[in-house]
Amino acid sequence: MTIVGDRFRKGEYFLAELMLSAEIFKGVVAILDPYLAKVRPPKPLGKVVVATLKGDIHDLGKNIVATLLRAQGFDVCDLGVDVDPALVVEKVKEVKPEFVGFSVLMTTAFAAMKQAADMLEEAGLRDQIKLMVGGGVTTPMVKEYIGADLQTLDATEGVAYCMKVIGRK
Ligand code: B12
């Protein structure tokens, strides 16, 4: 997808090719998922709520993180894309995860992530979770803006972080 993104930026690929690549990628993840299920430990290592927030419908990065976390043995509650910040708070109350992960590729969705983080704080839930943010447009400044515990451009770094926090590495 990185190569496809580069070709799109250079004008070598059109939107149709971009969308087709995204669909193929989703298909690949769907094929892998049942195999990964077989190697998961019987008892989940922890719970993670992931979402792409309001104004953003990009979900490939989120799906990669969710797949890798599940493969490692975490229970993942995937809220999908274009998610209302209020739903994040509702789900965190319900699921009681150790981690919340936001995935973002639209700079216009930064505000929704900040709102969700503030709402978690107001609900007294922020101290109970580690907040991660990832996606191609994120930087340490985004981490600071939303008050996240981790910012990364690498899904495996997110998984390694979760493992470290729960004391498995
Ligand atoms: C594929 C793509 C699309 C696909 C999305 C398909 C899908 N199902 O997701 C389609 C064609 C639908 C699309 C639509 C649009 N797109 Co688009 N898209 C891209 C593209 C080419 C690649 C993004 C991608 O999927 N990368 C691959 C993934 C795997 O990378 P990633 O998300 O960074 O994830 C990795 C890490 O960051 C990390 N990670 C990600 N999330 C998380 C979360 C956690 C917790 C952790 C730990 C780690 C982690 O793990 C992943 C693997 O390591 C980018 C350009 C680019 N080069 O990035 C533009 C891009 C993101 N799109 C862009 C735009 C503008 C749009 C549209 C508005 C276009 C339009 N005019 O309609 C719409 C979006 C509408 C909306 N409201 O969201 C802009 C955003 C600009 C900005 N600054 O906000 C970009 C940057 C292109 C550009 N240069 O203009 N897009």
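Our structure's up above, just so we're on the same page.
Just so it is clear, the model here is predicted, and its values are computed rather than measured.

Parameters and conventions
Residues numbered from 1 in each chain as written. Predicted model: local features only at pLDDT ≥ 70, side-chain atom pairs only at ≥ 80, totals over all residues. Heavy atoms only, no water. 1 Å grid on protein atoms, 1.4 Å probe; cavity = no way out; pocket = protein on both sides within 12 Å on 5 of 7 lines; lining within 4 Å. Points joined across faces, edges and corners; volume = space filled by probe spheres on them. Helix = DSSP H or I, 4+ residues; strand = E, 2+ residues; numbered from the N terminus. Nonpolar A, V, L, I, M, F, W, Y, C, P; charged D, E, K, R; others polar. Salt bridge = Lys/Arg side-chain N within 4 Å of Asp/Glu carboxyl O. Buried < 20%, exposed > 50% of the residue type's maximum accessible area, 1.4 Å probe, protein only. Donors = N, O, S within 2.8 Å, 3.2 Å for Na, K, Ca; no water. Phe/Tyr/Trp six-rings, centres within 6.5 Å; stacked < 30°, edge-to-face > 60°. Lys NZ or Arg CZ within 6 Å of the ring centre and 35° of its normal. Expected span 1.5 Å × (residues − 1). Bend = angle between axes of the 7 residues up to and from the residue. Contact = heavy atoms within 4.5 Å.

## A look at the layout of surface pockets
The method is simple in principle: a probe with the dimensions of a water molecule rolls over the atoms, and the space it marks as empty is what remains.
Here comes step 1: Its boundaries defined by the atoms lining it, the largest pocket holds a volume of some 1,200 Å³.
Here comes step 2: Around the largest pocket, the lining comprises 40 residues; the ones closest to its centre are Met1, His58, Leu60, Gly61 and Leu105.
Here comes step 3: Of all the secondary-structure elements, those providing two or more residues to the lining of the largest pocket are α1 (2-9), α2 (15-38), α3 (60-72), β3 (99-103), β4 (130-134), β5 (150-152) and α7 (155-165).
Here comes step 4: A total of six residues in the lining of the largest pocket trace back to one element, the largest contributor, which is α2.
Here comes step 5: In the lining of the largest pocket, the residues fall into 20 nonpolar, twelve polar and eight charged.

## Things to note about the pattern of salt bridges
Opposite charge on two side chains lets them pair, provided their charged atoms get close.
Here comes step 1: The full count for this structure, using the stated rule, is four salt bridges.
Here comes step 2: For aspartate 118, the salt bridge is made with lysine 114, and the minimal N-O distance between the two is 3.4 Å. Here lysine 114 and aspartate 118 lie together in helix α5 (residues 110-122), a separation of four residues that amounts to about one turn.
Here comes step 3: Taking the relative accessible area as the measure of exposure, lysine 114 reaches 26% and is therefore partly exposed.
Here comes step 4: For aspartate 149, the salt bridge identified is with arginine 126, shortest N-O distance 2.9 Å. Of this pair, aspartate 149 sits in the loop between α6 (140-146) and β5 while arginine 126 is found in the loop between α5 and β4, placing the two residues 23 residues apart along the sequence.

## Let's talk about the coordination of the cobalt atom of the ligand
Here comes step 1: Looking at the protein side alone, the cobalt atom of the ligand has one donor only, His58 (NE2), at 2.2 Å.
Here comes step 2: Take histidine 58: it is sitting in the loop between β1 (47-52) and α3.

## Observations concerning the packing of aromatic side chains
Here comes step 1: By the definition in use, this model includes two aromatic pairs.
Here comes step 2: A centroid spacing of 6.1 Å and a plane angle of 80 degrees characterise the contact between phenylalanine 74 and phenylalanine 99, whose relative ring orientation is edge-to-face. In this pair, phenylalanine 74 sits in the loop between α3 and β2 (75-78) while phenylalanine 99 sits in strand β3, placing the two residues 25 residues apart along the sequence. This pair shows no difference in class: phenylalanine 74 is buried, exactly as phenylalanine 99 is.
Here comes step 3: Aromatic pair phenylalanine 99 and tyrosine 161: ring centres 6.4 Å apart, planes at 70 degrees, arrangement edge-to-face. Pair noted here: phenylalanine 99 is in strand β3 and tyrosine 161 is in helix α7, with a separation of 62 residues, a long-range link. Of the two residues examined, phenylalanine 99 and tyrosine 161, each falls in the buried class.
Here comes step 4: Here the aromatic cluster, defined as three or more aromatic residues joined through ring pairs, consists of Phe74, Phe99 and Tyr161.
Here comes step 5: Stacked on the ring of tyrosine 145, the Lys or Arg lysine 114 has its end atom at 5.8 Å from the ring centre.

## Side note on α2
Here comes step 1: Between its terminal C-alpha atoms α2 stretches 36 Å, which fits the 34 Å expected from 24 residues at 1.5 Å a residue.
Here comes step 2: Along α2, the helix axis deviates most sharply at leucine 32, where the bend reaches about 30 degrees; the proline proline 34 sits within four residues downstream.
Here comes step 3: Taken as a whole, α2 has its buried residues at Leu18, Ser21, Ala22 and Val29.

## Side note on the environment of leucine 105
Here comes step 1: Tracing the sequence through the fold places leucine 105 in the loop between β3 and α5.
Here comes step 2: Overall, the relative accessible area of 38% leaves leucine 105 in the partly exposed class.
Here comes step 3: Separated by 87 residues in the primary sequence, leucine 105 and leucine 18 have C-alpha atoms spaced 15 Å apart.
Here comes step 4: When sequence neighbours within four positions are dropped, the list of residues in contact with leucine 105 reads Asp56, His58, Gly135, Gly136 and Val137.

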